[in-house]
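Each chain is listed here by its residues.
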Amino acid sequence: MGRLAPLTQQQKATIMNPYIRLLHTQKYILLVMVLLNIGSAALTLPIPLLLNTIIDSILPTQNTRHLIQTTTIIIALLSSQSLITYITHRIHPKQRKKWLTQIKQNSYAHIQQLSDEQLTKHPSADLVSRLTKELDSIQTLLPNGIAQIIKNILLSIGLFTIMVTTSWKLTALATTLIPIIGIVFALMSKKQHHIAKKNLEQKNTLIHTLQEKIEGQRDIILTHSTAYQHHNTSRIIQTSEATESKLLIQKANMTLIFSFLPIIGTTLLWGVGGYWTLQNTFTLGNIMAFAYAFNYILHPL
């Protein structure tokens, strides 16, 4: 809330302990979500191998029966995966409502226990923001978010294993991209986080100022300070919008940087992989399987 000093370990524990207790009450739904997401991950892993089989083994032999069988298996895997996704999306709103309701109730109860001195340190708009849009933006701390993280970790491990077994050389080349991507992402995200934090602070200041000015409009008129208050409020509005513009520009910069990733991936897969195919040390099926795994593993990363 506002510009606070970094949290100490004790303060972090004070914040996390209620969350952990609340998470414990959701352990069964969390277990269900984790199992569903593990099942979804397990259904994804065979697909690149099946694509490899179709391209390298079935199509060259023109075996129609095997083609139909393998295609049916892929369709069944994708359909099952879609069904699991639908189930998790149906469960998510109900548990999200229960989860956020409890968190907001606990947060409001904590605010009620603050002293007058503590309350005066923070504008009312900051407190309202904390109880509304800031808590509403929580996703990864929800049971479904935790289950998604576990799914992405398992998928990354499984698909990376498929990449290594398909071509350890191409995997080594592709792996060199991950640290570069990580460094660029970390630097860009750090800057965006700083701007986003400042943008949130400016918006809260703007809301607090407008609320204060509108509620005190009668006093402003009586004290003949309308021009001053208008100038002061205009300055805050301009500062808030300027910060918002910086945030949008930073998002555009990140979009530009990450738009080069498909270009790099295409060059690596079809340039290097295509050359090895011409040299008969690689196959088209290997390229397709590797591309499927590589593109899928980059998404959660």
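Look above for the structure.
Residues numbered from 1 in each chain as written. Predicted model: local features only at pLDDT ≥ 70, side-chain atom pairs only at ≥ 80, totals over all residues. Heavy atoms only, no water.

A.B. asks: I'd like a description of the overall build of the chain, backed by residues and values.
C.D. replies: The helix and strand inventory of the chain stands at 12 helices and zero strands. Reading the secondary structure of the chain in the N-to-C direction produces α-α-α-α-α-α-α-α-α-α-α-α. Expressed as a percentage of the 301 residues in the chain, the buried residues total 33%. Considering only contacts within the chain whose residues lie at least 6 apart along the sequence, 81% involve residues at least 24 apart. For the chain, the accessible area works out to roughly 19200 Å², and carbon and sulfur atoms hold 66% of it. (Helix = DSSP H or I, 4+ residues; strand = E, 2+ residues; numbered from the N terminus. Buried < 20%, exposed > 50% of the residue type's maximum accessible area, 1.4 Å probe, protein only. Contact = heavy atoms within 4.5 Å. Areas by Shrake-Rupley, 256 points an atom, 1.4 Å probe, with all protein chains shown as cover.)

A.B. asks: Residue-level account of the nonpolar core, with values.
C.D. replies: Core analysis: the biggest nonpolar cluster contains 19 residues, and M163, L170, A174, L269, F290 and F294 have the highest contact counts within it. Elements represented by at least two residues in this core include exactly α7 (143-166), α8 (168-175), α9 (177-215), α11 (226-278) and α12 (284-298). Per-element tally for this core: the top contributor is α12, with six residues. Counting residues in hydrophobic clusters, the runner-up holds 10 residues, among them L22, M33, W99 and I103. (Core = buried A, V, L, I, M, F, W, Y, C linked by side-chain atoms within 4.5 Å.)

A.B. asks: Got a sec to walk through a nonpolar patch on the surface? Specific residues and values, please.
C.D. replies: Together, L31, L35, I38, I150 and L154 make up a nonpolar patch on the protein surface, roughly 400 Å² of accessible area in all. Contributions of two or more residues to the nonpolar patch are made by α2 (27-44) and α7. Of all the elements, α2 adds the most residues to the nonpolar patch, at three residues. Looking at the element boundaries, L35 is found in helix α2. On the basis of relative accessible area, L35 is assigned to the exposed category, the value being 52%. (Patch = residues over 30% accessible without salt bridge, like charges linked within 9 Å, V, L, I, M, F, W, Y side chains within 5 Å. Salt bridge = Lys/Arg side-chain N within 4 Å of Asp/Glu carboxyl O.)

A.B. asks: Help me get a handle on the packing of aromatic side chains, residues and values and all.
C.D. replies: Counted by the stated rule, this structure contains two aromatic pairs. Ring centres of F290 and F294 lie 6.2 Å apart, and the angle between their planes is 20 degrees; this geometry places the pair in the stacked category. Taken together, the residues F290 and F294, both in helix α12 and four residues apart, mark about one turn of the helix. Residue classification places F290 among the buried positions, given a relative accessible area of 0%. (Phe/Tyr/Trp six-rings, centres within 6.5 Å; stacked < 30°, edge-to-face > 60°.)

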